[in-house]
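Each chain, written out:
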Amino acid sequence: MEFTEYVREQRPSLLRFATVLTGQAWLADDVVSDVLGRAFERWDHIDSLARPHAYVRRMIVNDYLSWRRRLLRTTPTSDIERSSTATADSSEQYAERDAMIGRLRRLPRRQRAAVVLRYYAGLPDAEIAAELGCRTSTVRSQISRALTTLRITEEAPSMTSIPEER
Amino acid sequence: MSTLRTLNEAFAELERRADTLSARSEQAPGTGPAPRRRRPSRRVLVTAAAVMGAAVVVAGVAIGVSLRSNGGDPQGHGAQPAASASKHPTTLWQAKDAPCPAHPASHATLGAVLRYDKGCLRLISLAGTFHSPMKATAGESNGQWQVHADLTKQQAATFTRATRATVGKQLAMVNHGTVLSAPIVEEPITTPHFQITTTSKAQAQRVARLLNEP
């Protein structure tokens, strides 16, 4: 696939992933632009891989977790973050969702990345561990800690019998 | 407290914000998909910050290494190698949620608090024991993720006994200090097949894998 073709097709989904990861659309835009810039320089190599898209997504995670990105703490004030689409009958639900976005934003970056890779990208723990460069048990403990901070309880599963004639 | 549903709603809202930004940048000419050039001023700033940060990084790495060698992972017991663990029997315990201690017990004994994937369980009484792993598969039906498990005769008898005594309560399946699953018993399991309805795909897949090779 040509680089320009890849960008045209996949940029929106990369931008969505990066926004969920970083919590801010302007920062996601910055990260995706930087990553695509670097991907362009090595596109022949990336295109020859089995899953180029997964590789670019991993570049985004690494960029977000990098020292360079942590050192830049500028926040543009002109960005419009909040939509005013809340209506009276479901405002409570919106409030809960916005509070969740706020709690997500305050998570340590690695915990956030682990949560997003499991619950948004749907990766198994072993792949998350490979992507973050740590052990599977570390991924589990980070997610468990993050869920406590996010105040999420996963309801206990339930068990029922299946009739014989199955 | 929230549920995973709120988290998914938060993800959807963030996606929507990303789409709004994409739509805006598509309208503005010249700011399309082409990667932006980095401003030189920022590069100078980054370099300066990186030089200042380098000393801190070196110190941080040194501290990190020493912490890592002392610390260890409190949840390390969860990852038992399958081959050695299969020698241990799987036990069924009546269980209830408990606050997580700093150092959870690594073996199931009466009253122990065991950590599982999302929380901690206090084991109240032993309800049964069997030795062979179950046959389990994860699947989706009607939008709900489920684990189907097939039992041998001996396992089915154990399950019938254990679930009759724990209807409406949590029954933890424990193998060598690892909680395989701890579902709420909705009815006695009287056939050699049962299903566990989980709250997510990831949870279903994890439970199926654990039940197959405890």
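Further up the page is the structure itself.
One structure accompanies this document, and this report is about it.

The rules behind each value
Residues numbered from 1 in each chain as written. Chains lettered and ligands numbered in written order. Predicted model: local features only at pLDDT ≥ 70, side-chain atom pairs only at ≥ 80, totals over all residues. Heavy atoms only, no water. Helix = DSSP H or I, 4+ residues; strand = E, 2+ residues; numbered from the N terminus. Buried < 20%, exposed > 50% of the residue type's maximum accessible area, 1.4 Å probe, protein only. Contact = heavy atoms within 4.5 Å. Areas by Shrake-Rupley, 256 points an atom, 1.4 Å probe, with all protein chains shown as cover. Salt bridge = Lys/Arg side-chain N within 4 Å of Asp/Glu carboxyl O. Core = buried A, V, L, I, M, F, W, Y, C linked by side-chain atoms within 4.5 Å. Domains from an automatic or database assignment. Phe/Tyr/Trp six-rings, centres within 6.5 Å; stacked < 30°, edge-to-face > 60°. Lys NZ or Arg CZ within 6 Å of the ring centre and 35° of its normal.

**Notes on the overall build of chain A**
Working step 1: In terms of helices and strands, chain A carries 9 helices and 1 strand.
Working step 2: Counting helices and strands in the order they occur from the N terminus, chain A gives α-α-α-α-α-α-α-α-α-β.
Working step 3: Sorting the 166 residues of chain A into buried and exposed places 50% on the buried side.
Working step 4: Of the contacts made within chain A by residues no fewer than 6 positions apart, 65% connect residues no fewer than 24 positions apart.
Working step 5: For chain A, the accessible surface area stands at approximately 8400 Å², while carbon and sulfur atoms represent 50% of it.

**Structural notes on the pattern of salt bridges**
Working step 1: Throughout the structure, instances matching the rule amount to 12 salt bridges over all chains.
Working step 2: In this structure, Asp98(A) and Arg97(A) form a salt bridge, with 3.5 Å as the shortest nitrogen-oxygen distance.
Working step 3: We note a salt bridge from Glu13(B) to Arg17(B), for which the minimum N-O separation is 3.1 Å. Taken as a pair, Glu13(B) and Arg17(B) lie in helix H1 (residues 4-27) at a separation of 4 residues, close to a single helical turn. For the residue pair Glu13(B) and Arg17(B), the accessibility class agrees, reading buried in each case.
Working step 4: Three or more residues are tied together by salt bridges with common partners; here these are Arg97(A), Asp98(A), Glu13(B), Arg16(B) and Arg17(B).

**Quick notes on the nonpolar core**
Working step 1: The biggest cluster of nonpolar side chains holds 51 residues, and the ones touching the most others in it are Ile60(A), Leu150(A) and Leu7(B).
Working step 2: Residue contributions to this core peak at 9 residues, all from helix H1 (residues 3-22) of chain A.
Working step 3: Taken domain by domain, this core gets at least three of its residues from each of domain 1 (3-71) and domain 2 (100-149) of chain A.
Working step 4: Not counting residues within four places of it along the chain, the set of residues in contact with Ile60(A) comprises Leu14(A), Phe17(A), Ala18(A), Leu21(A), Val31(A), Val32(A) and Val35(A).

**Some words on the packing of aromatic side chains**
Working step 1: Taken as a whole, this structure holds 7 aromatic pairs over all chains when the rule is applied.
Working step 2: With centroids separated by 5.3 Å and ring planes inclined at 65°, the aromatic side chains of Phe3(A) and Trp43(A) adopt a geometry described as edge-to-face. Residue Phe3(A) is located in helix H1, and its partner Trp43(A) is located in helix H3 (residues 43-47); the two are separated by 40 residues in the primary sequence.
Working step 3: Residue Phe3(A) is classed as buried on the basis of its relative accessible area of 10%.
Working step 4: When the ring of Tyr120(A) is compared with that of Phe11(B), the centres are 5.5 Å apart and the planes differ by 75°; the resulting orientation is edge-to-face. Residue Tyr120(A) is located in the loop between helix H7 (109-119) and helix H8 (125-132), and its partner Phe11(B) is located in helix H1; the two belong to separate chains.
Working step 5: Connected via pairs of aromatic rings, a cluster forms that spans Phe3(A), Tyr6(A), Phe40(A) and Trp43(A).
Working step 6: Directly above the aromatic system of Phe17(A) lies the positively charged group of Arg57(A), at a separation of 5.9 Å from the ring centroid.

Nothing here speaks to function; it is all geometry.
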